[in-house]
Amino acid sequence: MTIDLSVFQAAFLEEAREHLATLERGLLALERNSSDEDTIHQVFRAAHSIKGAAGTLGFAGIAGFTHQLESVLDSVRECTFVLEKSDISTLLEATDQLRNLVDAVEDNRSIDSSSPKLAALVERIGSSSSPRGPQTPANETQMIGSRRLQLEIHPKRNFFAIGLDPILLFRDLEALGTLSDVTCDVTSIPRLSELEPTDCNISWKFRLETTAADQELQDVFLFVADDCEVRTTAIELAPSSPNSLELPAVARKGRPAAIESATLRVSSEKVDSLIDLVGELVIAQSVVLQLLGEQAVKRTPVMRDAIMSMKRNMQELQGRIMGIRMVPVATLFGRFSRIVRDTATLLNKSVTLEIEGQDTEIDKAVVERLADPITHLVRNALDHGLETDRERNVAGKLEPATIRLFAEHVAGGIVIEVSDNGRGLDATRIREKAEQQGLVRPGDSLTDEQVNALIFEPGFSTASEVSSLSGRGVGMDVVRSCVDALNGTITIGTKRGEGTTIRIRLPVTLAILDGLLLRVGLFTYVVPLLAVTEAFRPEPNAVCSVTGAGFVALLRDQALPLVDLGVQLHLADTPKNPCEALVVMVEADGRQVGLVVDALLGQSQVVVKSIETHYRRVDGVLGATILGDGQVAFIIDVAGLVRLAWSRSGATEAA
Amino acid sequence: MRHLGEFSHARRAEAHEERLETQYLSFPLGSERFAVEILRVQEIRPLCAIMPIPNAPVHIRGVINLRGIIVPVIDLRLRFGLMTNADPRFAIILVVNVQDKICGIIADAVPKVLAVSPSELAPAPDFGQRVDLSFVSGVFHRAQELVLLLDLDHLLSVELGRVCNDEIDLVAG
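Residues numbered from 1 in each chain as written. Chains lettered and ligands numbered in written order. Predicted model: local features only at pLDDT ≥ 70, side-chain atom pairs only at ≥ 80, totals over all residues. Heavy atoms only, no water.

## So, the pattern of salt bridges
Residue and element names in this part refer to chain A.
Then step 1. Taken as a whole, this structure holds 28 salt bridges over all chains when the rule is applied.
Then step 2. When the shortest N-O distance is used, the salt bridge between Glu24 and Arg99 registers 3.7 Å. Residue Glu24 is located in helix H1 (residues 6–32), and its partner Arg99 is located in helix H4 (residues 85–107); the two are separated by 75 residues in the primary sequence.
Then step 3. Judged by its relative accessible area of 10%, Glu24 falls in the buried class.
Then step 4. A salt bridge links Asp199 to Arg157; its shortest N-O distance comes to 3.4 Å. A residue pair is termed long-range when its members are at least 10 positions apart, and Asp199 in the loop between strand S2 (177–185) and strand S3 (203–210) and Arg157 in the loop between strand S1 (147–155) and helix H6 (166–176) qualify at 42 residues.
Then step 5. Its relative accessible area of 52% is what places Arg157 among the exposed residues. (Salt bridge = Lys/Arg side-chain N within 4 Å of Asp/Glu carboxyl O. Helix = DSSP H or I, 4+ residues; strand = E, 2+ residues; numbered from the N terminus. Buried < 20%, exposed > 50% of the residue type's maximum accessible area, 1.4 Å probe, protein only.)

## A look at the packing of aromatic side chains
Residue and element names in this part refer to chain B.
Then step 1. One pass over the full model with this rule turns up seven aromatic pairs over all chains.
Then step 2. Aromatic side chains Phe27 and Phe34 sit 6.3 Å apart centroid to centroid with 25° between the ring planes, which places their arrangement in the stacked category.
Then step 3. A relative accessible area of 2% means that Phe34 is categorised as buried.
Then step 4. When the centroid spacing of 5.4 Å and the interplanar angle of 15° are considered together, the rings of Phe34 and Phe80 count as stacked. Pair noted here: Phe34 is in strand S2 (residues 32–37) and Phe80 is in the loop between helix H2 (76–79) and strand S6 (92–98), with a separation of 46 residues, a long-range link.
Then step 5. Residue Phe80 is classed as partly exposed on the basis of its relative accessible area of 24%.
Then step 6. Among the aromatic residues, those joined into a ring-pair cluster are Phe27, Phe34, Phe80 and Phe135. (Phe/Tyr/Trp six-rings, centres within 6.5 Å; stacked < 30°, edge-to-face > 60°.)

## Quick look at the nonpolar core
Then step 1. With 62 residues, the main nonpolar core has Leu518, Leu565 and Phe634 of chain A together with Phe27 of chain B as its most contacted residues.
Then step 2. In terms of residue count, the dominant contributor to this core is helix H20 (residues 638–654) of chain A (five residues).
Then step 3. Apart from residues no more than four positions distant in its own chain, Leu518 of chain A is found in contact with Phe523, Thr524, Tyr525, Val527, Leu565, Val584, Val597, Ala599, Leu600 and Leu601 of chain A.
Then step 4. Ala344, Ala434, Leu454 and Leu506 of chain A belong to the second largest nonpolar core, which has 47 residues in total. (Core = buried A, V, L, I, M, F, W, Y, C linked by side-chain atoms within 4.5 Å. Contact = heavy atoms within 4.5 Å.)

## Some words on the packing of helix H3 (residues 60–77) of chain A against helix H5 (residues 116–125) of chain A
All names here are of chain A.
Then step 1. Packing of H3 against H5 leaves a shortest axis separation of 10 Å and a crossing angle of 40°. When the interaxial angle is binned, H3 and H5 end up oblique. As for the relative orientation of H3 and H5, their crossing is left-handed in sense. Facing H3, whose interface residues are Phe65, Gln68, Leu69, Ser71, Val72 and Ser75, H5 presents Leu118, Ala119, Leu121, Val122 and Ile125.
Then step 2. Per-class residue counts for the contact of H3 with H5 are eight nonpolar, three polar and no charged. (Axes fitted to C-alpha atoms, helices over the stretch in contact; angles between N-to-C directions. Parallel < 35°, antiparallel > 145°, perpendicular 65-115°, else oblique. Left-handed = near helix turned anticlockwise from the far one by under 90°. Nonpolar A, V, L, I, M, F, W, Y, C, P; charged D, E, K, R; others polar.)

## Some points on the sheet that holds strand S17 (residues 558–564) of chain A
All names here are of chain A.
Then step 1. Pairing is mixed across the open sheet formed by six strands, whose spatial order is S14-S18-S19-S17-S16-S15. At either end of the open sheet lies a strand with only one pairing partner, and these are strand S14 (532–536) and strand S15 (543–546). Strand-to-strand twist of the sheet, defined as the mean angle between neighbouring strand axes without regard to direction, takes the value 35°. (Pairing = 2+ DSSP bridges.)

## What to know about the interface of chain B and chain A
Then step 1. Across the contact, 25 residues belong to chain B and 28 residues belong to chain A.
Then step 2. Both sides together, the interface formed by chain B and chain A hides about 2100 Å², and carbon and sulfur atoms give 64% of it.
Then step 3. Our enumeration of links across chain B and chain A arrives at zero salt bridges.
Then step 4. On the surface where chain B and chain A come into contact, there are four residue pairs in polar contact (both at pLDDT 80 or more).
Then step 5. Among the elements that take part in the side of chain B that touches chain A, strand S4 (residues 60–66) of chain B stands out by supplying four residues, more than any other.
Then step 6. Class assignment for the residues of the side of chain B that touches chain A results in 17 nonpolar, three polar and five charged. (Buried area = accessible area lost by both parts, 1.4 Å probe. Polar contact = N/O pair within 3.5 Å; in protein donor to acceptor, adjacent residues only side chain to side chain.)

## Focus: the sheet that holds strand S3 (residues 41–46) of chain B
Within a beta sheet, neighbouring strands are joined by backbone hydrogen bonds and run either parallel or antiparallel to one another.
All names here are of chain B.
Then step 1. Taken in spatial order, the five strands make up an open sheet running S3-S6-S7-S5-S4, and their pairing is mixed. A strand with exactly one partner marks an edge of an open sheet, and here the two such strands are S3 and S4. With direction set aside, neighbouring strand axes in the sheet form an average angle of 30°.
Then step 2. With six bridges connecting them, S4 and strand S5 (residues 69–74) associate as antiparallel partners. Of the residues in S5, the one forming a bridge with Gly62 is Val73.
Then step 3. Of the strands in this sheet, S4, S5, S6 and strand S7 (101–107) touch helix H3 (residues 152–159), which is tilted by about 95° from S6.

So, in structure tokens, the structure goes:
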């Protein structure tokens, strides 16, 4: 039987990337403390795992390359080589190249897998302590004399099920020496009627005559250590060998069993379909309740109790399933130690990175889409936000230049902050630039906040020079549109000479949303609650028409521009009188806008469904949801809709 | 014997034709009759409330809830400019599945199943530039009526896939 290895490719890629992240994190930790044994082992294991998996799947380029990396790490592990700072840089570069190699596998490209720097490092360490993988014949390693060992292998029941194969162990062992007296213990195989064909019920005993060191033997079992018990006894000892050989499996026997099933790899589609299903269930539940009628339910205590418990369980179920998608922001923040290190070195600034609240959990889909905008913000802070070391000295700033990443849960969402203690935004300069670029007219009166928000306008840049990092004026607007697309908001806090904080507020998940249900014309729409500040009915004398183009409502001495939803959604041709309707005050792009609607219907948690699956993206609309009565309601993208409204009224002005 | 032989020959040709026959669902729209391949049709539903999509062309009537999936509904009557109103008592929605995109098409009445052999099919008549018949892949006659065969792939890729073109324009711009 031939197995199509390509089905494992996706799993390999994902795992390899995780190991690469471990590798990188470990190397960065070693840069600070090069003697931390745990980290060294962790880094070595990561490299070894990538090599092993790549070898199995036939990615020779990756396997060969990782082998070099591994040999360096191995000598570090054996304390025969001490890493210098420059070596760590070489290893980090090698990690990058490895990542490229892995990416190339995904895109089906082939790229050069040689690294002269890494090869030179391997050369320098010399061949005396090269690692022993299948590629390295056993006789190349240090000779410690021949010895005979009695080995027992007891694979766990799920050995086959998780894709392991004992024959590979035997092959590896054979490469180390001579196997003899191999006996197979089949006594624990149950009767045919009870036999589960995927279970492994066999164990082996054999003798091995070998010159290999303990470490080499341990390496053979490295992959199966958790899933197989290995007992080794020495029969005839070589003088230098220890009395008994402690193999990882034995050493780990004391570990609690729960860890073995600590994580489960499940494709995100499966989880998504569960979320969908629960969403349906919640809708079905509210349909049933509506059919029963509120009064009938209230009159029958038994019914009421049953419904209450159903509701509670349903909510719990929904919460738990949503929880599956949640990952700590650490997965996002983790990569920044590298980015900050590299960028700071490039800019010749000494920068410390502070990370806080990295256990805050957030939807994996959100995290993935945040990577680029946050990277951009961090780069910007490093490049523009922070002064050079000399400038800081001159300004008398004693504390080290710091980038701070911060995450925390707030009501209905999470907040992520990227802050620096650098020079802060210069409102005058931003204004100047914006006027040059025609973003504002010289006479316009703007508050500092509004001026600062200009940096999110497309095409805006204050950097006088374009560097390789930033200053091209693409970026902050992209950051804002990314955050918009995630249904979040972005604000800036800055103080001249003290630093800048960019604050992103996001919903915890994209799958469900706390919404305000409102009626416009005959239809129901949903506005994300996160965007809503308040709702009110304006007094007749508090609404003014502005040059016939639109209305503003006066609220606490502030003029609130009004957007008529009926007109925006093409349900009506003329705006209705705001005094006869309701105004929902929302925040969009950092400014307050009032949406004129017919009525508020209540607040509800809705399941967000994509309209793009079978239609296309609709401007001003985030998605759709299905209401309790089975009707479809659109979820309004407040920022998008307001932008659309402004651009439209701009167009009519021009015409 | 010769007679019998001829008969069986004719039968064989008939059977051959039958094997090549394709089944279509044919439905009326105003005074015209359209047909779609039966295998493209996933289900037929009564006309239900349709939620209008903001800023969509008129003939995209809106979206419906198809067991939890949000599905757009096209009114070909408006697309082809047939200026009569359907009787909502009889109108139905044909749910078609084209390249994994699901879409509803409003028809005036429950469709009929027609088996059509390739020899009956004729190319769409040519009206030059005057009439856009790019959505009609062929025509055939049935019961003194001309049935227009809809090219669903083309129709839906233009009506629902416009986003692709828009995006390309945006990128280019």
